[in-house]
Amino acid sequence: MNIQIFGTKKCFDTKKAQRYFKERGIKFQFIDLTEKGLSKGEFRSIKQAVGSLEVLLNPNCKDQDTYNLIKYMTETDKEEKILENQQVLITPIIRNEKKATVGYQPDIWKEWT
């Protein structure tokens, strides 16, 4: 298992996800989206794993202007805008090789182990 947790240090659900894997002795790599964002390849891999771009967007994010702008862009432009403004993503994003989840999803993670 190769777990990556993409999130922020201030995100409560990201902290819960880290605790979930620590308590089970599962090693993971934490990537802070405020310091080092998702690469285009990582983003596309996660988007494919979760099924769509809309699943990744947080309708309650603090940057509502950017979120609303993204909603009305073409698919290609949306990707670029999201990569420039990753604060509009739901966190944590958990990736296990070709599988991924968005948000706190312990029931799905349990199936991975």
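Residues numbered from 1 in each chain as written. Predicted model: local features only at pLDDT ≥ 70, side-chain atom pairs only at ≥ 80, totals over all residues. Heavy atoms only, no water.

## Some words on the sheet that holds strand E2 (residues 28–32)
In step 1: Within the open sheet, the four strands sit side by side as E2-E1-E3-E4. Their pairing is mixed. The outermost strands of the open sheet, each flanked by one partner alone, are E2 and strand E4 (99–102). Between one strand and the next, the sheet's axes are offset by a mean angle of 15°, whatever the strand orientation.
In step 2: Where strand E1 (residues 3–7) meets E2, five bridges bridge the pair, whose relative direction is parallel. (Pairing = 2+ DSSP bridges. Helix = DSSP H or I, 4+ residues; strand = E, 2+ residues; numbered from the N terminus. Axes fitted to C-alpha atoms, helices over the stretch in contact; angles between N-to-C directions.)

## What to know about the nonpolar core
For soluble globular proteins, the rule of thumb is that nonpolar side chains tend to be buried together.
In step 1: Membership of the largest hydrophobic core comes to 20 residues, with the highest contact counts inside it found for Leu38, Phe43, Leu56 and Ile82.
In step 2: With three residues, helix H2 (residues 40–50) is the single largest residue contributor to this core.
In step 3: In this structure, Ala17, Ile26, Ile94 and Trp109 belong to the second largest nonpolar core, which totals nine residues. (Core = buried A, V, L, I, M, F, W, Y, C linked by side-chain atoms within 4.5 Å. Buried < 20%, exposed > 50% of the residue type's maximum accessible area, 1.4 Å probe, protein only.)

## Considerations on the confidence of the model for the chain
In step 1: When pLDDT is averaged along the chain, the result is 92, and 100% of the positions lie at 70 or above.
In step 2: The least confident element of the chain is helix H4 (residues 75–84), whose mean pLDDT is 89; the most confident is helix H1 (residues 12–23), at 96. (pLDDT = per-residue confidence, 0-100.)

## Brief notes about H1
For an α-helix the count is 3.6 residues per turn, leaving residues at separations of three or four pointing the same way.
In step 1: Taking 1.5 Å per residue as the helical rise, H1 with its twelve residues ought to reach 16 Å, and the 16 Å between its terminal C-alpha atoms agrees with that figure.
In step 2: Looking at H1, one finds that the buried residues are Thr14, Ala17, Gln18, Tyr20 and Phe21. The buried residues of H1 occupy one face: seen down the axis, they fall within an arc of 155°. Opposite the buried face of H1, by more than 90 degrees, sit the exposed residues Phe12, Lys22 and Glu23.
In step 3: If you follow the buried residues of H1, they end up packed against E1, E2, strand E3 (93–96) and helix H5 (106–112).
In step 4: Backbone geometry just downstream of H1 places Gly25 in the positive-phi region, at approximately 70°. (Expected span 1.5 Å × (residues − 1). Arc of directions from axis to C-beta. Contact = heavy atoms within 4.5 Å.)

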